[in-house]
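Chain by chain, the residues:
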Amino acid sequence: MRFQFSDNVAALQPSAIREILKFTGMPGVISFAAGNPAPEAFPKETVAEISKQLLNENPVLAMQYSITEGYPELRTLLKERMAKEGAYCEGKDELIITSGAQQANELACKVLLNKGDTLICEAPSFIGSLNAFKSYGVNLVGIPLEHDGMNIDALEEALKANSSCKLIYVIPNFQNPTGNVMSLEKRKRLYELACRYNVVILEDNPYGDLRYDGENIPSIKSMDTENRVIYSGTFSKILAPGFRTGYVIGPAEIISKIIVCKQVSDVHSNIWAQAICERFMRTVDMDQHLRNLRSIYRRKRDLMLSEMEKTFSKKIKYNKPEGGLFIWCTLPDDCDMNAFCKKAVQDYKIALVPGNAFLINESDKTTSFRMNFSTPTDEQIVKGTRILGAMTKDVLGE
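Residues numbered from 1 in each chain as written. Predicted model: local features only at pLDDT ≥ 70, side-chain atom pairs only at ≥ 80, totals over all residues. Heavy atoms only, no water.

J.: Sorry, what's going on with the overall build of the protein chain here?
T.: Counting its secondary structure elements, the protein chain contains 14 helices and 14 strands. Expressed as a percentage of the 398 residues in the protein chain, the buried residues total 55%. A gap of 3 Å separates the mean positions of the 48 positive and 49 negative side-chain charges of the protein chain. (Helix = DSSP H or I, 4+ residues; strand = E, 2+ residues; numbered from the N terminus. Buried < 20%, exposed > 50% of the residue type's maximum accessible area, 1.4 Å probe, protein only. Lys, Arg positive; Asp, Glu negative; His and termini not counted. Charge placed at Lys NZ, Arg CZ, Asp CG, Glu CD.)

This is the structure:
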């Protein structure tokens, strides 16, 4: 039978990252392609004890249907914590639990944009969100990303040229894939432009708690005097991605529509995982827990950067992120990046993510690729980086 797919999904292609991850199952391959938290960062014993308590004390809670908005006790704790950070305003904002931040971003697009409307994002940007936006037939416009965030002058030009723009999507903290941080000045200018052109901002912050160096920068949501910022967060990077527990904060009117859309999508997010997250937040010293996570990832980042400094060809440029999970590398302009990444996995058994996987159009040219330091073991980081370093010198010279 020949199937006729809907217009919304006919043009969608598999995530390039997921396609590359297929190679990680090959014998001997060391993967720097994933973006998973470090297994040693999971608080396994604490989660096991909390799970035992929940199933002993209130098994029906963990096994029964719940409300779409999410576990009330968890929502209360999150509102209190986010209010302290300036990202939640009682009386103006509302909060709903989602199946990861990915669903929060997808639902925000669903409730605000019609087919053909414009959504402006960073270029490059997170492929998962890009595919979610594409599924609604929106017009994606990418703004070049600089070391301190998107080019604000280019953003204003795009806003002038696209009167149908309704949403600006940004990852201000340790952006995926580049690891860059949007400066305070650019956050303020971005918000000013959103107000001037009457556009909503979707602020995606999955990595904000994973800062290893430097000072925290206030969220865009904390500057939101006009109630036009939607903020998405997640437990995936600070507790466990398998829980698929995230949240979205935004104007109550927008969140009410997101609730309706979620009801027709999955009814509610995993209530057992929500209950674990709530009890974890309530009984564990979260600040100390986050310090422990930062210590793990800072060490792994420093280990990879140290090996890169010793072994990589000097013709490769790379950032030194202050947080997050990724290092963004750039080859010389005359180098075929896709061929480089293909050679790395096929001939050297090192898996990388080609940079065009994060572009609106994967056919666009880029010479960058992404490396991840959180998932591999220390031994894999050292071995894999040295192998890749030798390859860079073989291909590019010293």
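J.: Would you explain empty space enclosed by the protein in this entry?
T.: To find leftover empty space, one rolls a probe the size of a water molecule over the atoms. Evaluation of the coordinates by the stated rule reveals one cavity of 30 Å³ or more. Lining the largest cavity are Glu 122, Leu 145, Gly 149, Ile 171, Pro 172, Gln 175, Asn 180, Val 181 and Met 182. Of the residues belonging to the lining of the largest cavity, the class tally is five nonpolar, three polar and one charged. (1 Å grid on protein atoms, 1.4 Å probe; cavity = no way out; pocket = protein on both sides within 12 Å on 5 of 7 lines; lining within 4 Å. Points joined across faces, edges and corners; volume = space filled by probe spheres on them. Nonpolar A, V, L, I, M, F, W, Y, C, P; charged D, E, K, R; others polar.)

J.: Please explain the pairing of strand β3 (residues 118–123) as it appears in this structure.
T.: A regular strand places its side chains on the two faces of the sheet in alternate fashion. Counting buried residues along β3, five of its six residues qualify, which places the element largely inside the surrounding structure. The pairing of β3 with strand β4 (residues 139–146) spans six bridges and is classified as parallel. The partner of Ile 120 across the bridge, within β4, is Val 141. A crossover connection joins β3 to the parallel β4 through helix α7 (residues 127–134); in handedness this β-α-β unit is right-handed. In this structure, β3 lies alongside strand β6 (residues 165–170), joined through four bridges in parallel fashion. (Pairing = 2+ DSSP bridges. Right-handed = clockwise from strand over helix to strand, strands pointing away.)

J.: Just to check I follow, could you spell out the sheet that holds strand β13 (residues 353–354) for this structure?
T.: One key point about sheets: their strands pair by backbone hydrogen bonds, in either a parallel or an antiparallel sense. Sheet architecture is open: four strands sit in the order β10-β11-β14-β13, paired in antiparallel fashion. Edge positions in the sheet fall to β10 (317–318) and β13, since each has one partner strand and no second. Note: β13 against strand β14 (residues 368–372), two bridges, orientation antiparallel. The partner of Pro 354 across the bridge, within β14, is Phe 369.

J.: Help me out: how do you make sense of a nonpolar patch on the surface in this one?
T.: Together, Met 1, Phe 3 and Phe 5 make up a nonpolar patch on the protein surface, roughly 480 Å² of accessible area in all. Relative to the helices and strands, Phe 3 is located in the segment before α1 (7–10). (Patch = residues over 30% accessible without salt bridge, like charges linked within 9 Å, V, L, I, M, F, W, Y side chains within 5 Å. Areas by Shrake-Rupley, 256 points an atom, 1.4 Å probe, with all protein chains shown as cover. Salt bridge = Lys/Arg side-chain N within 4 Å of Asp/Glu carboxyl O.)

J.: How do you make sense of the packing of helix α12 (residues 286–311) against helix α14 (residues 378–396) when you look at a structure like this?
T.: To characterise two packed helices, one gives the angle between the axes of the helices and the distance between these axes. Following both chains from N to C, one finds α12 and α14 inclined at 25°, their axes separated by 9 Å at the closest point. When the axis of α12 is compared with that of α14, the two are roughly parallel. The crossing of α12 and α14 is right-handed. Counting all contacts with α12, which are made through Arg 299, Lys 300, Leu 303, Met 304, Glu 307, Met 308, Lys 310 and Thr 311, the residues of α14 involved are Asp 378, Ile 381, Val 382, Thr 385, Arg 386, Gly 389, Ala 390, Thr 392 and Lys 393. (Axes fitted to C-alpha atoms, helices over the stretch in contact; angles between N-to-C directions. Parallel < 35°, antiparallel > 145°, perpendicular 65-115°, else oblique. Left-handed = near helix turned anticlockwise from the far one by under 90°. Contact = heavy atoms within 4.5 Å.)

J.: I keep staring at the side chain of Arg 75 and nothing clicks. Help me out?
T.: Considering the arrangement of structural elements, one finds Arg 75 in helix α5 (residues 72–84). Arg 75 gets classed as buried once you look at its relative accessible area, which sits at 13%. Polar contacts involving the side chain of Arg 75 include one to the side chain of Glu 94, which spans 3.0 Å. In this view, Arg 75 contacts Glu 69, Gly 70, Glu 94, Leu 95, Ile 96 and Ile 97; residues no more than four positions away in its chain are not counted. (Polar contact = N/O pair within 3.5 Å; in protein donor to acceptor, adjacent residues only side chain to side chain.)

J.: Which parts of the structure should I look at to understand the pattern of salt bridges?
T.: Any two side chains of opposite charge can pair, so long as their charged atoms come close to each other. Inspection of every chain in the model, using the stated rule, returns 26 salt bridges. Among the ionic pairs, Asp 266 bridges to Lys 262, the shortest N-O distance being 2.9 Å. Residue classification places Asp 266 among the partly exposed positions, given a relative accessible area of 26%. When salt bridges that share partners are traced, they join Glu 40, Arg 299, Lys 300 and Asp 378 into one network.

J.: Explain the side chain of Ser 368 here, please?
T.: Looking at the secondary structure, you find Ser 368 in strand β14. There is a polar contact of 2.8 Å between the side chain of Ser 368 and the side chain of Thr 330. In contact with Ser 368, not counting residues within four places along its chain, are Trp 328, Cys 329, Thr 330, Met 337, Pro 354 and Gly 355.

J.: Would you mind showing me how to read the nonpolar core here?
T.: For soluble globular proteins, the rule of thumb is that nonpolar side chains tend to be buried together. Of all hydrophobic cores here, the largest spans 66 residues; its most connected members are Phe 235, Tyr 247, Tyr 297, Met 308, Leu 352, Met 371 and Leu 388. Sort the elements by how many residues they give to this core and α12 lands first, with eight residues. With sequence-adjacent residues up to four places away left out, Met 308 is seen in contact with Tyr 318, Ile 327, Cys 329, Met 371 and Thr 385. Core analysis: the second largest hydrophobic core is formed by 26 residues, Ile 96, Leu 113, Ile 230 and Ile 259 among them. (Core = buried A, V, L, I, M, F, W, Y, C linked by side-chain atoms within 4.5 Å.)

J.: When you look at the packing of helix α6 (residues 100–112) against α7 in this model, what are you seeing that I'm missing?
T.: Packing of α6 against α7 brings their axes to within 9 Å, and their N-to-C directions diverge by 30°. Our classification of the angle between α6 and α7 gives roughly parallel. Remark: the crossing between α6 and α7 carries right-handed chirality. On the side of α6, the interface is formed by Gln 102, Asn 105, Glu 106 and Cys 109, while α7 contributes Gly 128, Ser 129, Ala 132 and Phe 133. The residue makeup of the contact of α6 with α7, split by class, is three nonpolar, four polar and one charged.

J.: Sorry, what's going on with the sheet that holds strand β9 (residues 246–251) here?
T.: Ordered by their spatial adjacency, eight strands build an open sheet running β2-β9-β8-β7-β6-β3-β4-β5, and the pairing between neighbours is mixed. Looking at which strands have only one partner, the edges of the open sheet turn out to be β2 (93–98) and β5 (149–150). Across six bridges, β2 lies against β9 in antiparallel orientation. In the strand pairing of β9, Thr 98 is matched with Gly 246.

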